[in-house]
Amino acid sequence: MKKILTMALLLVSGLTLAQETTDKLTIDDFTIKAGGTTTVDVKMTQNDATYTALQFEIYLPEGVGIATNDKGKLDITKGEMCEDTHSISSRFNKGRYIVTIGSPDKDLFIGTEGVLCTLALEATDMVSTGEQEGFLRNIKLSKPTATSNNTAEVPFGVSPYVEAKIAASGYGSFSWPRALDFSECEGVEKVYVGGEDANGKLKLVEVASKQVSAATGVILKGTTGTVNPSTMETEPAGDQGTLTPTCAGAYEVTADNTIYVLKTGSKGTGFYVCQTGVVVPQYKVYLERDASQGANMISMEEAGTTGIDGVAVADSETEAMYTVSGVRVGKPTQKGIYVSEGKKVVIK
């Protein structure tokens with residue numbers, strides 16, 4: 001407490017001066033994975049190396065914040081410009097982080113430029129993707145006899161992103177707690193939801209728009225590697241399908257022969273049965289099936305499409321008709337929207 005009070009007194013004592021253009025704090029633009037972590041440096045430039053303490057505020061986009069360490073405090077560590085006697089005090093208040101660094105012995109910061117401190121950042125899986133902005137503000141640089149105060153905003157770019165993976169087989173499973181748009185993802189050929197599960201096969205129903213609603217389990221088909229879909233502010237139309245998402249958390253299998261996950265095995269790429277104790281990772285999907293059916297592997301069949309444009313590409317029999325979920329119905333007997341020969345058909 002004594003150190004914190006001493007630093008605060010250093011910052012508010014003395015004259016208030018206009019900050020020199022050569023004396024500044026900056027944060028470089030950075031990216032951060034949604035649901036993940038990264039570290040960024042707060043850098044300092046001082047013209048004559050005579051500052052002993054400082055205070056600044058950090059504003060970050062919604063969904064991005066400074067993580068806490070194992071002691072429950074904000075995870076901010078000293079950089080190369082700090083002496084051993086410098087210590088950090090930090091808190092979150094009214095939408096911004098307030099950081100104070102100083103020495104009770106009034107030791108100077110080391111050198112004229114370098115890393116002042118490092119922030120450990122984390123992003124929730126509800127953060128919006130794309131280019132956003134954070135900024136530093138109310139920067140106070142203190143000398144033994146005066147304090148320089150800069151109230152201007154110092155901006156920096158923050159770009160959260162969502163990451164999904166397509167395996168060497170050309171397929172990948174994915175789920176996310178927000179609506180996603182894969183339409184601009186290079187390498188994503190098709191996006192599927194699960195359709196009818198029968199006769200040892202799971203029909204994959206294509207989402208023509210490549211836009212899926214929140215908490216939808218999908219299968220991606222395309223080029224091996226990582227893809228970065230963008231989040232959507234509005235929910236797209238379309239069927240969520242039959243695959244169970246794990247975006248709310250990893251799922252531990254509690255019964256034998258009931259849960260299937262996407263993988264490549266001895267019978268090729270498909271859904272293979274799991275036994276008790278297996279954990280399906282977060283942001284993946286699984287298929288639940290009655291144990292009495294006894295299948296070790298359920299193959300996939302690319303069946304049709306679903307979505308607002310309702311284009312079908314399913315069956316070689318041109319007269320076949322399907323529900324928007326990809327279930328073949330032959331000649332419909334009930335009112336509704338069906339797909340036939342690549343076109344949407346409304347039965348009244």
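Look up a bit, the structure's there.
Residues numbered from 1 in each chain as written. Predicted model: local features only at pLDDT ≥ 70, side-chain atom pairs only at ≥ 80, totals over all residues. Heavy atoms only, no water.

J.: Describe the overall build of the protein, and please don't skip the residues or the numbers.
T.: Tallying secondary structure elements over the protein gives one helix and 32 strands in all. Within the protein, the proportion of its 348 residues that are buried is 45%. Put simply, of all contacts in the protein between residues at least 6 apart along the chain, 71% involve residues at least 24 apart. Accessible area for the protein stands at about 17200 Å²; split by element, carbon and sulfur atoms hold 48% of it. (Helix = DSSP H or I, 4+ residues; strand = E, 2+ residues; numbered from the N terminus. Buried < 20%, exposed > 50% of the residue type's maximum accessible area, 1.4 Å probe, protein only. Contact = heavy atoms within 4.5 Å. Areas by Shrake-Rupley, 256 points an atom, 1.4 Å probe, with all protein chains shown as cover.)

J.: Can you explain the sheet that holds strand β19 (residues 211-212)? Please cite residues and give values.
T.: The strands making up a sheet associate through hydrogen bonds between their backbones, and the pairing can be parallel or antiparallel. The strand order across the open sheet formed by three strands is β19-β16-β22, and the pairing between neighbours is antiparallel. The open sheet terminates on both sides in strands that have one partner only, identified here as β19 and β22 (230-231). (Pairing = 2+ DSSP bridges.)

J.: Go over the packing of aromatic side chains, please, and point to the residues and values.
T.: Considering all chains together, one arrives at six aromatic pairs under this definition. A ring pair is formed by W176 and Y283, whose centres lie 4.5 Å apart and whose planes are at 35°; its orientation type is tilted. A residue pair is termed long-range when its members are at least 10 positions apart, and W176 in the loop between β15 (171-174) and β16 (180-181) and Y283 in the loop between β27 (279-280) and β28 (285-288) qualify at 107 residues. Of the residues examined, Y283 reaches a relative accessible area of 16% and is grouped as buried. Following the ring pairs from residue to residue traces out a cluster consisting of F174, W176 and Y283. Here the basic side chain of K143 rests over the ring of Y51, its NZ or CZ set 5.3 Å away from the ring centre. (Phe/Tyr/Trp six-rings, centres within 6.5 Å; stacked < 30°, edge-to-face > 60°. Lys NZ or Arg CZ within 6 Å of the ring centre and 35° of its normal.)

J.: Could you give an account of empty space enclosed by the protein, with specific residues and numbers?
T.: Per the counting criterion, the structure on display carries three cavities of 30 Å³ or more. Roughly 40 Å³ of volume is contained in the second largest cavity. If you trace the second largest cavity, you find it lined by F174, S175, W176, R178, L180, F182, V212, S213, T216 and V218. Of the residues contributing to the lining of the second largest cavity, the split by class is six nonpolar, three polar and one charged. (1 Å grid on protein atoms, 1.4 Å probe; cavity = no way out; pocket = protein on both sides within 12 Å on 5 of 7 lines; lining within 4 Å. Points joined across faces, edges and corners; volume = space filled by probe spheres on them. Nonpolar A, V, L, I, M, F, W, Y, C, P; charged D, E, K, R; others polar.)

J.: So, the nonpolar core: which residues are in play, and what are the values?
T.: Among soluble globular proteins, nonpolar side chains are generally buried collectively. Within the largest apolar cluster, 54 residues are counted, with the highest numbers of intra-cluster contacts made by F56, I58, L119, F174 and F182. Here the element with the most residues in this core is strand β10 (residues 113-123); it accounts for five residues. Here F182 is in contact with F174, V188, V191, K210, V212, L220, V227 and P229, once residues within four sequence places are set aside. With 15 residues, the next largest nonpolar core counts Y171, L204, I219 and V285 among its residues. (Core = buried A, V, L, I, M, F, W, Y, C linked by side-chain atoms within 4.5 Å.)

J.: Provide a residue-level description of the pattern of salt bridges, including the pertinent values.
T.: Note on pairing: side chains with opposite charge can pair once their charged atoms come close. Applying the stated criterion to the full structure yields eight salt bridges. Between E233 and R178 there is a salt bridge, and its shortest N-O distance comes to 3.0 Å. Of this pair, E233 sits in the loop between β22 and β23 (244-245) while R178 sits in the loop between β15 and β16, placing them 55 residues apart in sequence. (Salt bridge = Lys/Arg side-chain N within 4 Å of Asp/Glu carboxyl O.)

J.: Lay out unusual backbone geometry with the relevant residues and their values.
T.: You will see that A215, though not glycine, has its phi angle at about 55°, which is positive. The residue A215 is located in the loop between β19 and β20 (218-222) in this model. The partly exposed category is assigned to A215, whose relative accessible area is 32%. Non-glycine residue Y283 carries a positive phi angle of around 70°.

J.: Can you tell me about the environment of N69, naming the residues and giving the values?
T.: Relative to the elements of secondary structure, N69 occurs in the loop between β6 (64-66) and β7 (76-78). On the accessibility criterion, N69 (27% relative accessible area) is partly exposed. Separated by 51 residues in the primary sequence, N69 and A120 place their C-alpha atoms 8.9 Å from one another. Those residues within four positions of N69 in sequence are excluded, and the remaining contacts are L74 and D75.

J.: Please give an account of the pairing of β28 that cites residues and values.
T.: In the sheet, β23 pairs with β28 via two bridges, with the strands oriented antiparallel. In the sheet register, P245 faces β28, and the bridge partner there is V285. Bridge count between strand β25 (residues 259-265) and β28: two bridges; the pairing is antiparallel. Its bridge partner being in β28, I259 is matched across the sheet by E288.

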